[in-house]
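Residues per chain are reported as follows:
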Amino acid sequence: DAGVIQSPRHEVTEMGQEVTLRCKPISGHDYLFWYRQTMMRGLELLIYFNNNVPIDDSGMPEDRFSAKMPNASFSTLKIQPSEPRDSAVYFCASSLVSNQPQHFGDGTRLSIL
Amino acid sequence: AQSVTQPDIHITVSEGASLELRCNYSYGATPYLFWYVQSPGQGLQLLLKYFSGDTLVQGIKGFEAEFKRSQSSFNLRKPSVHWSDAAEYFCAVGGTGGGNKLTFGTGTQLKVEL
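Just so it is clear, the model here is predicted, and its values are computed rather than measured.

K.L.:
Mind laying out the overall build of chain A, listing which residues take part and the relevant values?
P.N.:
When its secondary structure is counted, chain A shows zero helices and 11 strands. Put simply, chain A runs from its N terminus to its C terminus through helices and strands in the order β-β-β-β-β-β-β-β-β-β-β. Relative to the compact-globule value of 13 Å for 113 residues, chain A shows a C-alpha radius of gyration of 13 Å, a close match. With respect to the three principal axes, the spread of C-alpha positions in chain A is 35 × 25 × 25 Å. Considering chain A as a whole, with its 113 residues, one finds that 48% of them fall into the buried category. Within chain A, contacts between residues at least 6 apart in sequence are counted, and of these 53% link residues at least 24 apart.

Rendered as structure tokens:
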């Protein structure tokens, strides 16, 4: 079975540009999570969806960040405008039902110059 | 609020030696506990999970963990470490009291000496 698929794997862009990260969860999984990982702050939950509906976005750092899930097989995390401090590895994860293990994608390594 | 503490940031062991990685949690209800492993450039992979029942759980790659409610701990163990086990290990807690959110520890970086 295909796992969680994220694209791109690497993104390098200049400050001020819009960045869009993409995620395809495992088919049939009802929950989708976006995390950010940095050396300083570790792994942080940004937002999660249940059945395509955002449930908790309290981890989204600023209004520059937005996430959507237009259907059960696709989600995006957008940063506009991007800043150097947004540089991190962004992970998407999905799970079948509440409190089941989350399955992680390989992440997008984002560098904002 | 739920929290996880992994007191060891770095651990170095010799190949073939035993391993124990510590994890302490704080959770207001019955916790669900997880250990994940992350190799460089990759996402987190589930090693094992505890929901209920037998407090000693077996996972993949020869790992096991023991849930001790009285100590609020869920330590990860392996009797004989292989060089390929070098990675970062994360403990996480979740449960019915916190929705479907997992709280992760800060991770323990394992180095294996040959």
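K.L.:
Got a sec to walk through the overall build of chain B? Specific residues and values, please.
P.N.:
Scanning chain B from N- to C-terminus turns up zero helices and 12 strands. Its helices and strands in sequence order give chain B the pattern β-β-β-β-β-β-β-β-β-β-β-β, from N to C terminus. Over its C-alpha atoms chain B spans a radius of gyration of 14 Å, differing by no more than 12% from the 13 Å that the globule rule assigns to 114 residues. Of the roughly 5,400 Å² of accessible surface on chain B, 48% is carried by carbon and sulfur atoms.

K.L.:
Could you give an account of the pairing of strand 3 (residues 19–24) of chain A, naming the residues involved and the relevant values?
P.N.:
Residue and element names in this part refer to chain A. One ladder, built from three bridges, connects strand 1 (residues 5–7) with strand 3; its direction is antiparallel. Within the sheet, the bridge partner assigned to Q6 lies in strand 3 and is C23. Taken together, the five bridges between strand 3 and strand 8 (residues 74–79) define a ladder with antiparallel strand orientation. By the bridge assignment for strand 8, T20 is matched with K78.

K.L.:
Which residues make up the environment of Q80(A), and what values go with them?
P.N.:
Residues and elements named next belong to chain A. Inspection of the secondary structure assignment puts Q80 in the loop between strand 8 and strand 9 (88–95). The spatial distance from the C-alpha of Q80 to the C-alpha of L96 is 31 Å, given a sequence separation of 16 residues. Leave out the neighbours within four places in its chain, and Q80 touches G16, Q17, E18 and R64. Here the side chain of Q80 touches E18 through a polar contact of 3.2 Å, landing on its backbone nitrogen.

K.L.:
Hey, could you go over the pattern of salt bridges for me, with residue numbers and the actual values?
P.N.:
Enumeration according to the criterion identifies 14 salt bridges over all chains in this entry. Residue E83(A) pairs with R85(A) through a salt bridge whose shortest N-O separation is 2.6 Å. Given a relative accessible area of 53%, R85(A) falls into the exposed group. Of the charged contacts in the structure, one is a salt bridge between E64(B) and R77(B), with a shortest N-O distance of 3.2 Å. Pair noted here: E64(B) is in strand 8 (residues 64–68) and R77(B) is in strand 9 (residues 73–78), with a separation of 13 residues, a long-range link. One salt-bridge network, held together by shared partners, links E62(A), R64(A), E83(A), R85(A) and D86(A).

K.L.:
Please give an account of the sheet that holds strand 8 of chain A that cites residues and values.
P.N.:
All names here are of chain A. The strand order 1-3-8-7 describes an open sheet built from four strands, whose pairing is antiparallel. If you trace the sheet from one side to the other, it starts and ends with strand 1 and strand 7 (65–71), each paired once. Neighbour-to-neighbour, the strand axes of this sheet turn through a mean angle of 15°, independent of strand direction.

What counts, and where the lines are drawn
Residues numbered from 1 in each chain as written. Chains lettered and ligands numbered in written order. Predicted model: local features only at pLDDT ≥ 70, side-chain atom pairs only at ≥ 80, totals over all residues. Heavy atoms only, no water. Helix = DSSP H or I, 4+ residues; strand = E, 2+ residues; numbered from the N terminus. Rg over C-alpha atoms; globule rule 2.2 N^0.38 Å. Buried < 20%, exposed > 50% of the residue type's maximum accessible area, 1.4 Å probe, protein only. Contact = heavy atoms within 4.5 Å. Areas by Shrake-Rupley, 256 points an atom, 1.4 Å probe, with all protein chains shown as cover. Pairing = 2+ DSSP bridges. Polar contact = N/O pair within 3.5 Å; in protein donor to acceptor, adjacent residues only side chain to side chain. Salt bridge = Lys/Arg side-chain N within 4 Å of Asp/Glu carboxyl O. Axes fitted to C-alpha atoms, helices over the stretch in contact; angles between N-to-C directions.

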